[in-house]
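One-letter residues, chain by chain:
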Amino acid sequence: MNLPNKLTILRVILIPFFVVFMLFDITGAADKWIALVIFCVASLTDMLDGKIARKRGLITDFGKFMDPLADKILVTSALICFVELWVTPAAVIIVIIAREFVVTSLRLIAAPKGIVIAADIFGKMKTVSQMIWVATTIVQMYLEEELLIGIPLLAEMNIVLMWVTLGLTVVSGINYLWKNRAILSDMK
């Protein structure tokens, strides 16, 4: 197994640890800080695995499939934690997760036909916006737990990031469907 694929697997391994620190009171307010560090490390593996794979010519079908799947698992885990912790409306998370199911299903339909649907620019923008939104929301949660006060500017920024992320999620989902409509039209 090559280094980029190992980084992708590391991202998946980090997810349960992230969820534990997000949802369970282990160290008090520091839990969110630890969750943030784990999330950021996992997010960095996403950036590194792609750069290394392209630079060293280590792009594999496993990486093309598993890398976006690892991103989806990481981000949806965080978003589900946000619903559990009452920091994000469930409707927003439902739209985001529905898009992930649609794109993953499209990839599964394409795979037996020998077609690998790699992430495109809109999908990458969506992923980056999700990761930034998740990280800033965790920062907000940590500061509110640590300082016991709200930070209005950060709260407003997170609302804007949520809507930007939701918009990019919808646009990227429509883009994947449009670009790959031939795959869907072959279904009988």
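The rules behind these values
Position numbers for residues count from 1 along each chain, tracking the sequence in the order it is written. Given that this is a predicted model, residues contribute local features only at a pLDDT of at least 70 and side-chain atom pairs are listed and counted only at 80 or more, while totals for whole chains, interfaces and linings are drawn from all residues. Side-chain numbers here rest on the full set of heavy atoms in the structure, without hydrogens or water. Note on definitions: salt bridges are taken to be side-chain nitrogens of Lys or Arg within 4 Å of carboxyl oxygens of Asp or Glu. To qualify as a helix, a DSSP run of H or I must reach at least 4 residues; to qualify as a strand, a run of E must reach at least 2; elements of each kind are numbered from the N terminus. Multiplying one less than the number of residues by 1.5 Å gives the expected span of a helix. Whether a residue is buried, partly exposed or exposed follows from its accessible area with a 1.4 Å probe, protein chains only, as a fraction of its type maximum: under 20%, in between, or over 50%, in that order. We call two residues in contact when some of their heavy atoms are within 4.5 Å. Lines fitted to C-alpha atoms define the axes, with helix axes restricted to the stretch in contact, and inter-axis angles between N-to-C directions lie between 0 and 180 degrees. Oblique is the label for any angle not covered by the other classes, which are roughly parallel (under 35 degrees), roughly antiparallel (over 145) and roughly perpendicular (65 to 115). Handedness of a helix crossing follows the sense of rotation of the near helix relative to the far helix, less than a right angle counterclockwise being left-handed and clockwise being right-handed. Any N or O atom pair separated by 3.5 Å or less is treated as a polar contact, with the protein-specific requirement of one donor-capable and one acceptor-capable atom, and with residues adjacent in sequence counted only for side-chain atom pairs. Confidence of the predictor at the level of single residues is given by pLDDT, which spans 0 to 100. For this classification, Asp, Glu, Lys and Arg are treated as charged, while Ala, Val, Leu, Ile, Met, Phe, Trp, Tyr, Cys and Pro are nonpolar and the rest, including Gly, are polar. For this analysis, a nonpolar core means a set of buried residues of the types Ala, Val, Leu, Ile, Met, Phe, Trp, Tyr and Cys, connected via side-chain atoms within 4.5 Å.

A short note on the pattern of salt bridges
1) Next: Tallying each qualifying case throughout the model produces nine salt bridges.
2) Next: We note a salt bridge from Glu145 to Lys32, for which the minimum N-O separation is 3.5 Å. Of this pair, Glu145 sits in helix H5 (residues 121-147) while Lys32 sits in helix H2 (residues 30-56), placing them 113 residues apart in sequence.

Concerning helix H6 (residues 152-179)
1) Next: Between its first and last C-alpha, H6 extends 40 Å over 28 residues, near the 40 Å set by a 1.5 Å rise per residue.
2) Next: Along H6, the residues that are buried comprise Leu154, Asn158, Leu161, Met162, Thr165, Leu166, Leu168, Thr169, Ser172, Gly173, Asn175 and Tyr176.
3) Next: Lining the buried residues of H6 we find helix H4 (90-110) and H5.

Brief notes about the packing of helix H1 (residues 3-23) against H2
1) Next: Axis separation between H1 and H2 bottoms out at 9 Å; the angle between their running directions is 165°. One way to sum up the angle between H1 and H2 is to call them roughly antiparallel. With respect to the hand of their crossing, H1 and H2 are arranged in left-handed fashion.

A few points about the side chain of Ser77
1) Next: Here Ser77 is to be found in helix H3 (residues 61-84).
2) Next: Separated by 2.6 Å, the side chain of Ser77 and the backbone oxygen of Ile73 make a polar contact.
3) Next: For Ser77, the residues in contact, after removing those within four places along its chain, are Ile15, Phe18, Val19 and Lys72.

A short note on the confidence of the model for the chain
1) Next: Per-residue pLDDT for the chain has a mean of 90; in total, 98% of the residues score no lower than 70.
2) Next: Ranking the helices and strands of the chain by mean pLDDT puts H1 first, with 95, and helix H7 (residues 181-185) last, with 84.

Here's the deal with the packing of H4 against H6
1) Next: Contact geometry of H4 with H6 gives a least axis separation of 10 Å together with a crossing angle of 25°. By the criterion of interaxial angle, the relationship of H4 to H6 is roughly parallel. Classified by chirality, the crossing of H6 by H4 is left-handed. Contact residues: Val92, Val95, Ile96, Arg99, Val102, Val103, Leu106 and Arg107 in H4; Met162, Thr165, Leu166, Thr169, Val170, Ser172, Gly173, Tyr176 and Leu177 in H6.
2) Next: Looking at the contact of H4 with H6, its residues break down into eleven nonpolar, four polar and two charged.

Structural notes on the nonpolar core
1) Next: Phe18, Met22, Phe39, Leu79, Trp133 and Ile138 are the most contacted members of the largest nonpolar core, which has 29 residues in total.
2) Next: The set of elements that each furnish at least two residues to this core consists of H1, H2, H3, H4, H5 and H6.
3) Next: If sequence neighbours within four positions are ignored, Met22 has contacts with Lys32, Ala35, Cys81, Phe82, Leu85, Ile138 and Met141.
4) Next: Among the nonpolar cores identified, the runner-up in size contains six residues, and Val103, Leu106, Ile117 and Tyr176 belong to it.

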